[in-house]
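So the chains spell out like this:
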Amino acid sequence: MTRHDDYSLRQTLPPDVLVGGDAVWSRYRRYPVFGLRWLVGRSLLFCSIIAVVAAFIGAGTGIAVQDPGVALKVAATQFVAFSLMAMLGPALATAVRHRRWSVARERKAVVIAVLVGMVLSFFIDRVASAYIQQLMAPGLAAIGLKPTMPTPAPLVQAIGLALNLAGLVVIYGLFGGGLALRAYFSERQRWDLHRHAQALGDLESRVHEADLRLGVLQAQVEPHFLFNTLASVRALVRQDPAQAEATLDALVDFLRATIPKLRDDRGLHATLGQQLDLCASYLALMQVRMGGRLTYAVRTDDGLRSLSFPPALLITLVENAIKHGIEPRPGAGHVEVVAERVDERLRVRVIDDGAGLQPGLSTGVGLANVREQLAARHGAQATFSLTTRAEGRGVCAEIRLPIGSPA
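Fair warning: this is a prediction, and the values are worked out from it, not measured in the lab. (Residues numbered from 1 in each chain as written. Predicted model: local features only at pLDDT ≥ 70, side-chain atom pairs only at ≥ 80, totals over all residues. Heavy atoms only, no water.)

**Student:** Summarise the overall build of the protein; cite the residues concerned and give the values.
**Tutor:** When its secondary structure is counted, the protein shows eight helices and five strands. Helices and strands in the protein line up, N terminus first, as α-α-α-α-α-α-β-α-β-β-α-β-β. Once local pairs closer than 6 in sequence are excluded, the contacts in the protein between residues at least 24 apart make up 74%. Accessible area of the protein: about 22400 Å², with a carbon and sulfur share of 62%. (Helix = DSSP H or I, 4+ residues; strand = E, 2+ residues; numbered from the N terminus. Contact = heavy atoms within 4.5 Å. Areas by Shrake-Rupley, 256 points an atom, 1.4 Å probe, with all protein chains shown as cover.)

**Student:** Can you lay out a nonpolar patch on the surface for me, pointing to particular residues and giving the numbers?
**Tutor:** Taken together, the side chains of Leu-92, Ile-112, Val-116 and Leu-120 make up a nonpolar region of the molecular surface, amounting to roughly 300 Å² of accessible area. Sort the elements by how many residues they give to the nonpolar patch and helix H3 (residues 103-142) lands first, with three residues. Mapped onto the elements of the fold, Leu-92 is located in helix H2 (residues 68-97). (Patch = residues over 30% accessible without salt bridge, like charges linked within 9 Å, V, L, I, M, F, W, Y side chains within 5 Å. Salt bridge = Lys/Arg side-chain N within 4 Å of Asp/Glu carboxyl O.)

**Student:** Account for empty space enclosed by the protein, naming residues and giving values.
**Tutor:** A complete count under the given rule lists two cavities of 30 Å³ or more for this structure. When its volume is computed, the second largest cavity comes out at roughly 120 Å³. Every residue lining the second largest cavity is counted, twelve residues in all, and those nearest its centre are Asn-320, Ala-321, Asp-352, Leu-386 and Val-395. In terms of residue count, the dominant contributor to the lining of the second largest cavity is helix H7 (residues 313-326) (five residues). Grouping the amino acids of the lining of the second largest cavity by side-chain chemistry returns eight nonpolar, three polar and one charged. (1 Å grid on protein atoms, 1.4 Å probe; cavity = no way out; pocket = protein on both sides within 12 Å on 5 of 7 lines; lining within 4 Å. Points joined across faces, edges and corners; volume = space filled by probe spheres on them. Nonpolar A, V, L, I, M, F, W, Y, C, P; charged D, E, K, R; others polar.)

**Student:** How would you explain helix H6 (residues 272-289) if you had to name every residue and give the values?
**Tutor:** Helix length check: H6, at 18 residues, gives a terminal C-alpha distance of 26 Å against a target of 26 Å (1.5 Å per residue), a fit within 8%. The set of residues buried in H6 consists of Leu-272, Gly-273, Gln-275, Leu-276, Leu-278, Cys-279, Ser-281, Tyr-282, Leu-283, Leu-285 and Met-286. A positive backbone phi angle near 75 degrees is found at Gly-291, which sits one or two residues after H6. (Expected span 1.5 Å × (residues − 1). Buried < 20%, exposed > 50% of the residue type's maximum accessible area, 1.4 Å probe, protein only.)

**Student:** Just give me the short version of the pairing of strand S3 (residues 345-352), but keep the residues and values in it.
**Tutor:** Among the eight residues of S3, seven are classified as buried, and the element is accordingly described as predominantly covered. Of the strand pairs in this sheet, strand S2 (residues 333-342) and S3 are connected by eight bridges, and their pairing is antiparallel. Paired with Val-335 across the strands is Asp-352, a residue of S3. The hairpin formed by S2 and S3 contains two residues between the paired strands, and Asp-343 there has a positive phi angle of roughly 55 degrees. Pairing analysis gives seven bridges linking S3 to strand S5 (residues 395-402), with the strands arranged antiparallel. Looking across to S5, one finds that Val-348 is bridged to Ile-399. (Pairing = 2+ DSSP bridges.)

**Student:** Tell me about the packing of aromatic side chains, and name the residues and values.
**Tutor:** Under the definition given, this model contains five aromatic pairs. With a centroid separation of 5.6 Å and an interplanar angle of 45 degrees, the aromatic rings of Phe-34 and Tyr-184 are classed as tilted. Within this pair, whereas Phe-34 is found in the segment before helix H1 (36-65), its partner Tyr-184 is found in helix H4 (residues 154-239), the two being separated by 150 residues in sequence. Classification of Tyr-184 as buried rests on a relative accessible area of 0%. Taken together, the ring pairs connect Tyr-28, Phe-34, Trp-38, Tyr-184 and Phe-185 into an aromatic cluster. Seen from the ring of Phe-46, Arg-42 lies directly overhead, with NZ or CZ sitting 4.1 Å from the centre. (Phe/Tyr/Trp six-rings, centres within 6.5 Å; stacked < 30°, edge-to-face > 60°. Lys NZ or Arg CZ within 6 Å of the ring centre and 35° of its normal.)

**Student:** Any details on unusual backbone geometry? Residues and values, ideally.
**Tutor:** One non-glycine residue with positive phi stands out, namely Asp-343, at about 55 degrees. Here Asp-343 lies in the loop between S2 and S3. Phi is positive for Glu-344, which is not a glycine, with a value near 60 degrees. Along the chain, Glu-344 falls in the loop between S2 and S3.

**Student:** A description of the pairing of strand S4 (residues 383-388) should follow, citing residues and the corresponding values.
**Tutor:** Direction of pairing for S4 relative to S5: antiparallel, over a ladder of six bridges. Its bridge partner being in S5, Leu-386 is matched across the sheet by Ala-397. Between S4 and S5, which pair antiparallel in sequence order, lie six residues; one of them, Gly-392, sits at a positive phi of approximately 85 degrees.

**Student:** Talk me through the environment of Leu-45; I want residue IDs and the actual numbers.
**Tutor:** When you line up the elements, Leu-45 lands in helix H1. Sequence spacing of Leu-45 and Arg-27 is 18 residues, and the spatial spacing of their C-alpha atoms is 9.9 Å.

**Student:** For the pattern of salt bridges, give the residues involved together with the corresponding values.
**Tutor:** Should their charged atoms come close, side chains of opposite charge can pair. All told, the structure shown has eight salt bridges when counted by the stated rule. The closest approach of N and O atoms between Arg-347 and Glu-340, which form a salt bridge, is 2.4 Å. A relative accessible area of 17% means that Arg-347 is categorised as buried. Relative accessible area serves as the criterion here: at 22%, Glu-340 is assigned to the partly exposed category. Ionic contacts of the salt-bridge type, sharing partners, join the residues Arg-97, Glu-106 and Glu-187 into one network.

**Student:** Describe in detail the confidence of the model for the protein, supporting the description with residues and values.
**Tutor:** Summing up the model confidence of the protein, the mean pLDDT is 77 and the portion of residues at 70 or higher is 71%. This stretch, residues 263-267, has a pLDDT under 50; its non-local contacts, to residues over four places away or in other chains, come to seven contacts. (pLDDT = per-residue confidence, 0-100.)

**Student:** With reference to specific residues and values, describe the packing of H1 against H2.
**Tutor:** Contact geometry for H1 and H2: axes closest at 7 Å, N-to-C directions at 155 degrees. Overall, the two elements H1 and H2 adopt an arrangement that is roughly antiparallel. In the crossing of H1 with H2, the sense of the turn from one axis to the other is right-handed. Considered class by class, the residues forming the contact of H1 with H2 number 20 nonpolar, seven polar and one charged. (Axes fitted to C-alpha atoms, helices over the stretch in contact; angles between N-to-C directions. Parallel < 35°, antiparallel > 145°, perpendicular 65-115°, else oblique. Left-handed = near helix turned anticlockwise from the far one by under 90°.)

Below is the structure:
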């Protein structure tokens, strides 16, 4: 059996689940209904009120029969009877709830427990009333009053029975746990809303944390890439000035395409088209920097370009393809970025014909970030894979996402 509640019956309720003020007489409501602390607090409150009521009833009886002993016995009987009537149903429901059954089974058992308490309360009331009547009989007889009433007419008996049944529902029901039962189900609903809001808050928190980490990653990757490129330009200035100039031009074009997007809402929201353009600018720069031995292609349908797409993920895969695939392998290399709709999902692949998968490559920081970002934003709906190409040369990195709305 499984439960969907994970809170302790001994702990106070969260503010958005708690109902009622912080007055002394209502503090027991800070704990879950039919929890032990709730029961103890409620019992102390009710027994205090019942003691006052029983004392007044006993005093009135003592004045009527002119017998202090009878007054004390009546007051004690009323106190015990009323206390049992108020506590039996809730006590049985508390015992049920502490069994920690499944929610469906617990709800049924709690209702049955309160109903059993109501029925027992009826019999306790009848026994207590008969005993009190027996106590008062001698005193009433001594002052000339009859302890019993004459038998009423059938119609009056029917009306009396109806009133007794109504009293059973109203008095025993409300006093004996009916209101507590209503509070129990109301608390359940508030707990469901609380857990839902908490889950949404946790999800938003994870996405926000992932966005912040993404911003940090961007701040780390951009200077690293920039310094490497400038170092290459410095080396080319004397050996091949024309190549150095072409590299600088390509770097300027890349920065013009990149920096505005990073400044736009911190670069944390993007479209597929923006990310593909960023990859194209980067590949153009790397093509110049590598002396033309790199070729590339970026392909997609125009209808997909406006779709939302997590920022910085695609460029991370392209950088990995260059760094671990093309650069370590001598000779010409090719990188292809393809985005397409497959089975009503967006499939984006970065394919290279480089050195292939190397030990430890799939567990690097960049790829770990890709996986975390996808999990935070799309959960199990997103997948990422890194595989050796069927041709046996190079790597295919693939992301699959649900088709989102245009950004």
